[in-house]
Amino acid sequence: MNSIAAPVMPLPLSGAVDVLTIIYLVAITAEAMSGALAAGRRDMDIFGVVVIAFVTALGGGTIRDMVLGRFPIGWTQHPEYIYLVISAGLLTTVIARFLHHLKRAFLFLDAMGLIAFSLIGCSVGLALEYPTPVVIMSGMMTGIFGGVLRDVLCNQVPVVFRRELYASVSLAVCVMFLSLRAAGVDSDLNTVISFATGLSLRLLAIRYEWQLPIFSYRERWD
Amino acid sequence: MNSIAAPVMPLPLSGAVDVLTIIYLVAITAEAMSGALAAGRRDMDIFGVVVIAFVTALGGGTIRDMVLGRFPIGWTQHPEYIYLVISAGLLTTVIARFLHHLKRAFLFLDAMGLIAFSLIGCSVGLALEYPTPVVIMSGMMTGIFGGVLRDVLCNQVPVVFRRELYASVSLAVCVMFLSLRAAGVDSDLNTVISFATGLSLRLLAIRYEWQLPIFSYRERWD
Amino acid sequence: MNSIAAPVMPLPLSGAVDVLTIIYLVAITAEAMSGALAAGRRDMDIFGVVVIAFVTALGGGTIRDMVLGRFPIGWTQHPEYIYLVISAGLLTTVIARFLHHLKRAFLFLDAMGLIAFSLIGCSVGLALEYPTPVVIMSGMMTGIFGGVLRDVLCNQVPVVFRRELYASVSLAVCVMFLSLRAAGVDSDLNTVISFATGLSLRLLAIRYEWQLPIFSYRERWD
């Protein structure tokens, strides 16, 4: 009861909140669609598609809130997010055959989502007054754990642990945002700068296939 | 401390509570046994069997409570549930060779459990005053996430996302229960009607192998 | 907000706390390194290595705190744990080729960690005044769920459900600790006795390859 009585945290970004919210809605839509396609690759039924779409879009924020003890969890107070994500998942099953033509648009929306999720996650961690490294992890959990849950439920090794710069872009955005904030930069300006830098970094990483070093270990100890 | 101080939520179903509790106990026993068999298919040791039995039986309610911020989690205040589930898991390893003769009984108990879990989950969501779509998700999480966790721990794609009508029965039961409640139907009567309808639907789905449409997606974007 | 306001639980072991804390730090380092090696077996990038290292070392305590409703979660108030675990993960990628020479040291540190995690988990459960079986589960979750999460994220059946005595050692330590406590044995003495017994048991289990019985089930019901 007491946990539930806590008010919903407003997004602590004053002027930029509207733009970031719109980007957020676009992002969860894109993430839901990517989740639905992953479910289709596993021959799931319509229900499974909707679950995976939901988990991919809203799972990162859910894990963040559960780890930070922030109840009620964000989407539970926003049924419109739930409807949006379910609709996006169902729509995907209808238009899937056309989606590969939109690959570039998808990657762009996904990149926007990654940055928006990371910035929102940082803001949540800040508002709860966690130590800085936890604030950074809050941003990264929001940015990437939806995709991790999607891959676990689809029974594959999470792709974000192996792909070209992705999680590291989330890290870079969080660190830049917190550094500029510590330097006294205005919050809205900070959001704009961090967003633009992060998006550029991600798009360059896709374009030039930048990767982190891979760690391969083959020795068996048995 | 504060979260822990919250009283345990009583099941908010007055007259029907006793019957629903008995069905619940039968259901977690059946779910524990199904978990133990899944562990046996992976050659786990006795300890692994017990863990998978526990997670299958009580994992759905655990995830529901963690997502809804409802602490202490139900089974932590009912050690007798813990003992029951562990016993059922261990017993299964002894009598496993006879269980396939009981396939029909199992499917029936499992169906009862699915409906009971869903109704209990709805009641918990209602008592915490969550919005309606979250209440429905509360019912469905309780109904199906035990099986999802079981399959993730046994390293396979969750079967509830691919099987004949299962999760959708949970959804139907939750929607019917909330609709009748909104229409002013007495709570006990509502429980009986929803239970009977849901059970019939599930048994018919098994009998006639009703399925949701499958979404298969094969295109690689790479 | 309210959950977050709760003070961090001090380790409720007075005199033994310093030794147990040191063992804890050694243990999360060893666990992080084992996680990094597992990530390397899946060809993850440096970021994936760090995530798996983190989850292996601190994931057990995280799940325990989330299940028990204990916020803020332990490591969020100890950034130094975060840095330690990340460093250990990164270091592992550099020195991996030499590590198999240290197999024995690893197994020893891992055994110490298992026991320390279990005792700390029991103490947390006791401090929150959960019923005895939940206190035991608190110890076991702390001891083994880091490894379970590691294996789930690396897409394999958790090895702790199939290996020689491991989880059962955690169980034995928890039961012994609580029994001696109920018998009125001094807390520090109890910690020393339980630690020594548990460590011996684990090392003997490794030496003589003691195993729990395996439950193999092959019948398909379809």
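Please read these numbers as outputs of a predicted model, since none were measured by experiment.

What follows is about the overall build of chain A. Of the regular secondary structure elements, chain A holds eight helices and zero strands. The order of helices and strands in chain A, counted from the N terminus, is α-α-α-α-α-α-α-α. Here the C-alpha atoms of chain A give a radius of gyration of 18 Å, agreeing with the 17 Å that 2.2 N^0.38 yields for 222 residues. Residues counted as buried form 59% of the 222 residues belonging to chain A. For chain A, the proportion of contacts with a sequence separation of at least 24, taken over those separated by at least 6, is 76%. By element, 65% of the accessible surface of chain A is carried by carbon and sulfur atoms, the whole surface being about 8,700 Å². Within chain A, the 15 negative side-chain charges are centred at a point lying 8 Å from the centre of the 15 positive side-chain charges.

A few words on the interface of chain A and chain B. The partner chain B presents 39 residues to the 43 residues of chain A that form the contact. For the chain A face of the interface with chain B, the top three residues by lost area are Arg41(A), Asp45(A) and Phe47(A), together amounting to 18%. Where chain A meets chain B, there are one salt bridge. The tally of links from chain A across to chain B stands at eight residue pairs in polar contact (both at pLDDT 80 or more). Contributing elements (two or more residues each) for the side of chain A that touches chain B: α1 (2-5), α2 (17-41), α3 (46-68), α4 (79-99), α5 (103-127) and α6 (132-153) of chain A. With nine residues, α3(A) is the largest single contributor of residues to the side of chain A that touches chain B. By residue class, the composition of the side of chain A that touches chain B is 26 nonpolar, 11 polar and six charged.

To continue, consider the relation of the copies chain B and chain C. When chain B is fitted onto chain C, the two copies agree to an RMSD of 0.0 Å after a turn of 120 degrees and an axial shift of 0.0 Å. The relationship between the two copies is best expressed as a three-fold rotation axis. Of the residues that chain B buries at the interface, just 14% are likewise interface residues in chain C, meaning the two copies contact each other through different surfaces.

What follows covers the interface of chain B and chain C. How big an interface is tends to be stated in terms of accessible area lost as the parts join. Each partner contributes to the interface: chain B provides 43 residues, whereas chain C provides 39 residues. For the pair chain B and chain C, the summed buried surface comes to about 3,600 Å²; carbon and sulfur atoms form 69% of the total. Area buried by chain B at its contact with chain C is led by Arg41(B), Asp45(B) and Phe47(B), which between them contribute 19% of it. Across the chain B-chain C interface, the total number found is one salt bridge. In this structure, Arg218(C) engages Asp43(B) in a salt bridge whose closest nitrogen and oxygen atoms are separated by 2.7 Å. Across the contact surface, chain B and chain C share eight residue pairs in polar contact (both at pLDDT 80 or more). Of the residues forming the side of chain B that touches chain C, the biggest block, nine residues, is contributed by helix α3 (residues 46-68) of chain B. The residue makeup of the side of chain B that touches chain C, split by class, is 26 nonpolar, 11 polar and six charged.

We now examine unusual backbone geometry. Phe71(B) connects to Pro72(B) through a cis peptide bond whose omega is -5 degrees. The residue Pro72(B) is located in the loop between α3 and α4 (79-99) in this model. Even without being a glycine, Glu209(B) presents a positive backbone phi close to 50 degrees. According to the relative accessible area criterion, Glu209(B) is exposed, its value standing at 63%. With a phi close to 60 degrees, Glu129(C) is a non-glycine residue in the positive phi region.

Glancing now at the relation of the copies chain A and chain B. Between the two chain copies there is a screw-like relation: a rotation about an axis and a shift along it. In screw terms, the move from chain A to chain B is a rotation of 120 degrees and a rise of 0.0 Å along the axis, fitting with an RMSD of 0.0 Å. Each copy contacts the other with its own distinct surface, as only 14% of the interface residues of chain A are interface residues in chain B too.

A general trend in soluble globular proteins is that nonpolar side chains are found buried together. With 225 residues, the main nonpolar core has Trp75(A), Trp75(B) and Trp75(C) as its most contacted residues. In this structure Trp75(B) touches Phe54(B), Leu58(B), Thr62(B), Tyr81(B), Ile82(B), Val67(C), Val134(C) and Met137(C), once residues within four positions along its chain are discounted.

Two measures define how a pair of helices packs: the angle their axes make with one another and the distance between the axes. Residues and elements named next belong to chain C. The interhelical angle for the contact between helix α3 (residues 46-68) and helix α5 (residues 103-127), taken along N-to-C directions, is 15 degrees, at an axis separation of 11 Å. Between α3 and α5, the angle falls in the class roughly parallel. For the pair α3 and α5, the sense of crossing is right-handed. Across the interface between the two elements, Ala 57, Arg 64, Asp 65 and Leu 68 of α3 pack against Phe 117, Ile 120, Gly 121, Val 124 and Gly 125 of α5. Taken together, the residues that form the contact of α3 with α5 break down as five nonpolar, two polar and two charged.

This brings us to helix α7 (residues 167-182) of chain B. In a regular helix each residue adds 1.5 Å, so 16 residues correspond to 22 Å; α7(B) covers 23 Å between its end C-alpha atoms and thus fits that length. When α7(B) is considered as a whole, its buried residues turn out to be Ala167(B), Ser168(B), Val169(B), Ser170(B), Val173(B), Cys174(B), Phe177(B) and Leu178(B). In the core, the buried residues of α7(B) are packed alongside α3 of chain A together with α5 (103-127), α6 (132-153) and α8 (187-208) of chain B. Just downstream of α7(B) lies Gly184(B), where phi reads positive at about 90 degrees.

Glancing now at the packing of aromatic side chains. We describe a pair of aromatic rings using the distance from one ring centre to the other and the angle between the two ring planes. All names here are of chain A. Under the definition given, this model contains 21 aromatic pairs over all chains. For the pair Tyr 208 and Trp 210, a centre-to-centre distance of 6.3 Å together with 25 degrees between the ring planes defines the contact as stacked. Members of the aromatic cluster, connected to one another through ring pairs, are Tyr 24, Tyr 81 and Phe 117. One cation-aromatic arrangement involves Arg 207 over Tyr 208; the distance from NZ or CZ to the ring centre is 5.0 Å.

Next up on the list: helix α8 (residues 187-208) of chain C. Residues three or four positions apart in an α-helix share a direction because the helix packs 3.6 residues into each turn. All names here are of chain C. Across its 22 residues, α8 extends 31 Å between first and last C-alpha, which sits within 8% of the 32 Å expected from 1.5 Å per residue. Taken as a whole, α8 has its buried residues at Asn 190, Thr 191, Ser 194, Phe 195, Gly 198, Leu 199, Arg 202 and Ala 205. Taken down its axis, α8 places every buried residue within 150 degrees of arc, on the same side. Residues of α8 that are exposed and point more than 90 degrees away from the buried face comprise Val 192, Arg 207 and Tyr 208. Capping of α8 at its N-terminal end is provided by Asp 186; its side-chain oxygen lies 3.2 Å from the backbone amide nitrogen of Asp 188. Looking one or two residues beyond α8, the residue adopting positive phi is Glu 209, at roughly 55 degrees.

Our focus in this paragraph is empty space enclosed by the protein. Enumeration according to the criterion identifies three cavities of 30 Å³ or more in this entry. Looking at the largest cavity, its volume works out to about 70 Å³. In this structure, the largest cavity is lined by Asp151(A), Val152(A), Asn155(A), Gln156(A), Val152(B), Asn155(B), Gln156(B), Asp151(C), Val152(C), Asn155(C) and Gln156(C). Those elements giving two or more residues to the lining of the largest cavity turn out to be α6 of chain A together with α6 (132-153) of chain C. Split by residue class, the lining of the largest cavity holds three nonpolar, six polar and two charged.

Cut-offs applied
Within each chain, residues carry numbers counting from 1 in the order of the written sequence. Lettering of chains starts at A and numbering of ligands starts at 1, both following the order in which they are written. In keeping with the predicted nature of the model, local features appear solely for residues at pLDDT of at least 70, side-chain atom pairs appear and are counted solely at 80 or more, and the whole-chain, interface and lining totals rest on all residues. Side-chain figures throughout are based on the complete set of non-hydrogen atoms in the structure, without hydrogens or water. We count a stretch as a helix when DSSP gives it H or I for four or more residues in a row; a strand needs E for two or more, and each element gets its number in order from the N terminus. Radius of gyration: over C-alpha atoms. The globule rule applied is 2.2 Å multiplied by the number of residues raised to the 0.38 power. Exposed residues in this analysis have more than 50% of their type's maximum accessible area, buried residues have under 20%, and partly exposed residues fall in between, with area computed by a 1.4 Å probe over protein chains only. Here, residues are in contact when the closest pair of their heavy atoms is within 4.5 Å. Only the protein chains shown count as cover for residues, with accessible areas throughout obtained via the Shrake-Rupley method and a probe of 1.4 Å. By the counting rule applied here, Lys and Arg register as positive and Asp and Glu as negative, while His and the ends of each chain are not counted. For the purpose of locating charges, the reference atoms are NZ of Lys, CZ of Arg, CG of Asp and CD of Glu. Values labelled buried area give the accessible surface lost by two parts on being combined, using a 1.4 Å probe and summing over both. Counted as salt bridges are all cases of a side-chain nitrogen of Lys or Arg within 4 Å of a carboxyl oxygen of Asp or Glu. Polar contacts here mean pairs of N or O atoms no more than 3.5 Å apart (in protein, one a potential hydrogen donor and the other a potential acceptor; neighbouring residues in sequence count only if both atoms are side-chain atoms). Three residue categories are used. Nonpolar comprises Ala, Val, Leu, Ile, Met, Phe, Trp, Tyr, Cys and Pro, charged comprises Asp, Glu, Lys and Arg, and polar comprises the others, including Gly. What sets the superposition is a least-squares fit of C-alpha atoms, and only residues with pLDDT of at least 70 in both copies go into it. In these notes, a set of buried Ala, Val, Leu, Ile, Met, Phe, Trp, Tyr and Cys residues joined through side-chain atoms within 4.5 Å is what counts as a nonpolar core. As a rule, the C-alpha atoms of each element are fitted with a line to give its axis, helices using only the stretch in contact, and angles between N-to-C directions run from 0 to 180 degrees. With respect to orientation, any angle under 35 degrees is reported as roughly parallel, any angle over 145 as roughly antiparallel, any angle of 65 to 115 as roughly perpendicular, and every other angle as oblique. With the far helix as reference, a near helix turned anticlockwise by less than a right angle produces a left-handed crossing, and one turned clockwise produces a right-handed crossing. Helix span, expected: 1.5 Å multiplied by one less than the number of residues in the helix. In this scheme Phe, Tyr and Trp rings, the latter by its six-membered ring, pair at centre separations within 6.5 Å, and the angle between planes marks the pair as stacked below 30 degrees, edge-to-face above 60, and tilted otherwise. Placement of a positive charge over a ring is assigned whenever Lys NZ or Arg CZ falls within 6 Å of the ring centre and within 35 degrees of the normal to the ring plane. For this quantity, the arc is that covered by the directions from the helix axis to the C-beta atoms. A 1.4 Å probe that fits but cannot get out identifies a cavity on a 1 Å grid over protein atoms alone, an open set with protein on both sides within 12 Å along at least five of seven lines counts as a pocket, and a residue lines either if it has an atom within 4 Å of a point. Grid points are joined across faces, edges and corners, and a volume is the space filled by probe spheres set on the points.

Shape descriptors only; they carry no functional weight alone.
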